[in-house]
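So you can see what is in the structure, the chains are spelled out below.
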Amino acid sequence: MYKLILRPIFFLFDPEKIHHFSFFMIKLLGKIGFSKIFRAIYVIEDKKLERELFGLTFKNPVGLGAGFDKNAKLYNELSDFGFGFIEIGTLTPKPQEGNPKKRLFRLKADQAIINRMGFNNLGVLEAVAELKKEHRVIVGGNIGKNKITPNDKATSDYLICFDALFDHVDYFVVNVSSPNTPGLRELQDKEPLTKLLNQLKLENTKIANAKAVKEKPILLKIAPDLTDSQLLDIIEIVAVTKIDGIIATNTTINRQGLKSHQLLLEEAGGLSGKPLAQRSTEVIRFLSEKSNKAFPIIGVGGITSPEEALEKLDAGADLIQLWTGFIYEGPALVKRINKAILKRS
């Protein structure tokens with residue numbers, strides 16, 4: 001029904017407006033009792049799908065990537081579509097509007113999206129208020145810095161978000177790889193990244209000791225545009241800082257091999273969707289093989305079918321995430337992937 005009826009209607013309208021409309025409808029339907037219906041249709045309960053990672057038990061390995069539920073408004077309702085975990089954010093200390101509109105573009109010929117949202121969010125404290133309700137699903141907190149914060153002060157922004165979210169999320173993701181905040185990707189360089197992650201690890205230990213609880217897993221989200229040399233640096237950084245894993249990958253600034261109109265291809269921002277599938281899988285395989293599977297990897301990028309999901313897992317991913325594929329294929333994709341994983345188990 002989604003691909004035949006809903007998607008053609010949705011795609012007639014501005015992508016960002018439809019995103020907000022969809023949120024409103026999912027929230028409304030959840031309030032009037034549709035959660036049970038959605039769960040009956042899309043959720044697969046099977047012990048064989050469970051994954052133990054970072055000291056957490058994921059009901060299944062298919063998650064929703066950051067950027068969809070930026071302000072933690074809908075994580076419980078989105079879990080009704082069969083996701084094993086939901087990642088909220090990217091959150092920043094202060095609210096920010098993000099980049100000027102129009103900033104979200106569908107590349108239908110490529111099953112892709114270009115976005116230059118720019119970490120638009122209501123601020124970390126607004127998300128904390130939403131996260132205080134009971135969670136029906138594992139929730140990850142994706143954190144970043146405000147646009148106006150210079151890179152030499154970026155660590156303080158990440159620490160503010162970390163402190164605020166510590167009691168309310170199950171794991172953290174450090175986002176230094178979005179192409180839509182000026183200068184952010186410079187934080188992926190070896191020296192500043194090592195410093196940032198070490199500071200977050202120290203804060204993690206400090207808070208956990210003070211509260212007499214376990215430390216929270218910390219993952220790093222990286223860009224698909226890193227060179228092999230830079231990826232080797234990432235492996236070394238994980239070993240030195242002892243963070244818990246990598247999310248590979250964020251959106252790409254590459255525009256090669258696309259079919260969409262040139263005017264669309266000239267739009268600035270990060271590209272996600274099917275064209276990213278091969279590169280993200282290459283990055284996963286490189287990290288997995290070169291590190292001798294030294295750390296867990298969450299694979300994301302271009303998953304629009306069960307086959308592409310299985311390729312990510314075969315390449316070395318322990319879990320996977322959807323985003324653009326969820327937009328193009330609808331919630332049935334989550335169920336199809338989980339069925340495919342079960343079939344191989």
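Residues numbered from 1 in each chain as written. Predicted model: local features only at pLDDT ≥ 70, side-chain atom pairs only at ≥ 80, totals over all residues. Heavy atoms only, no water.

Another point: the overall build of the chain. From N to C terminus, the chain includes 13 helices and 13 strands. The globule rule puts the C-alpha radius of gyration for 345 residues at 20 Å, and the 19 Å found for the chain is close to it. Dimensions of the chain, computed from C-alpha atoms along their principal axes, come out at roughly 50 × 45 × 40 Å. For the chain, with 345 residues in total, the buried portion stands at 59%. (Helix = DSSP H or I, 4+ residues; strand = E, 2+ residues; numbered from the N terminus. Rg over C-alpha atoms; globule rule 2.2 N^0.38 Å. Buried < 20%, exposed > 50% of the residue type's maximum accessible area, 1.4 Å probe, protein only.)

Moving on, we come to the side chain of R103. Here R103 shows up in the loop between β4 (85-91) and β5 (104-107). Judged by its relative accessible area of 5%, R103 falls in the buried class. Looking at R103, its side chain comes within polar contact range of the side chain of E16, at 2.8 Å. Of note is the side chain of R103, whose polar atom sits 2.8 Å from the backbone oxygen of E97. (Polar contact = N/O pair within 3.5 Å; in protein donor to acceptor, adjacent residues only side chain to side chain.)

The buried fraction of strand β7 (residues 138-143) is high, at six of six residues. What you see with β7 is no split at all: I138, G140 and N142 on one side and V139, G141 and I143 on the other are buried throughout. By the bridge criterion, five bridges tie β4 to β7 in an arrangement that is parallel. Each residue of the ladder has a partner; that of I88, found in β7, is G141. Both β7 and strand β8 (residues 171-175) contribute to a ladder of four bridges, which runs parallel. Considered in β8, the bridge of I143 is made with V174. Regarding the hand of the β-α-β motif, the stretch spanning β7, helix α6 (residues 154-165) and β8 is right-handed. (Pairing = 2+ DSSP bridges. Right-handed = clockwise from strand over helix to strand, strands pointing away.)

This part is about the packing of helix α5 (residues 124-131) against α6. Put simply, α5 and α6 touch, their axes get as near as 10 Å, and they point 15° apart. In terms of orientation, α5 and α6 fall into the roughly parallel class. Judged by the sense of rotation from one axis to the other, the crossing of α5 with α6 is right-handed. Where α5 approaches α6, its residues V124, L125, V128 and L131 are matched on the opposing element by C161, A164 and L165. For the contact of α5 with α6, a count of residues per class yields seven nonpolar, no polar and no charged. (Axes fitted to C-alpha atoms, helices over the stretch in contact; angles between N-to-C directions. Parallel < 35°, antiparallel > 145°, perpendicular 65-115°, else oblique. Left-handed = near helix turned anticlockwise from the far one by under 90°. Contact = heavy atoms within 4.5 Å. Nonpolar A, V, L, I, M, F, W, Y, C, P; charged D, E, K, R; others polar.)

Considering the arrangement of structural elements, one finds K312 in helix α11 (residues 306-315). No salt bridge is formed by the buried K312. Its closest oppositely charged neighbour is E311, at 6.0 Å. When neighbours within four sequence positions are excluded, K312 is seen to be in contact with A277, S280, T281, I284, V300, G301, I303, A317 and I320. (Lys, Arg positive; Asp, Glu negative; His and termini not counted. Salt bridge = Lys/Arg side-chain N within 4 Å of Asp/Glu carboxyl O.)

Before going further, it helps to spend a moment on α5. Taken together, the buried positions of α5 are occupied by V124, A127, V128, E130 and L131. One side of α5 carries all its buried residues, which in axial view fall inside an arc of 160°. Turned more than 90 degrees from where α5 packs its buried face, L125 and A129 sit exposed. Those residues of α5 that are buried lie in contact with α4 (75-79), β4, β7 and α6. (Arc of directions from axis to C-beta.)

To continue, consider unusual backbone geometry. The peptide bond linking G89 to T90 adopts the cis configuration, its omega dihedral lying at 15°. Turning to its location among the elements, T90 is positioned in strand β4. Its identity is not glycine, yet Q111 carries a phi of approximately 50°, on the positive side. Structurally, the position occupied by Q111 is in the loop between β5 and β6 (112-115). Of note in this structure, K293 is not a glycine but carries a positive phi near 55°. Looking at the element boundaries, K293 is found in the loop between α10 (277-290) and β12 (297-300). Accessibility expressed as a relative area gives 39% for K293, which makes it partly exposed.

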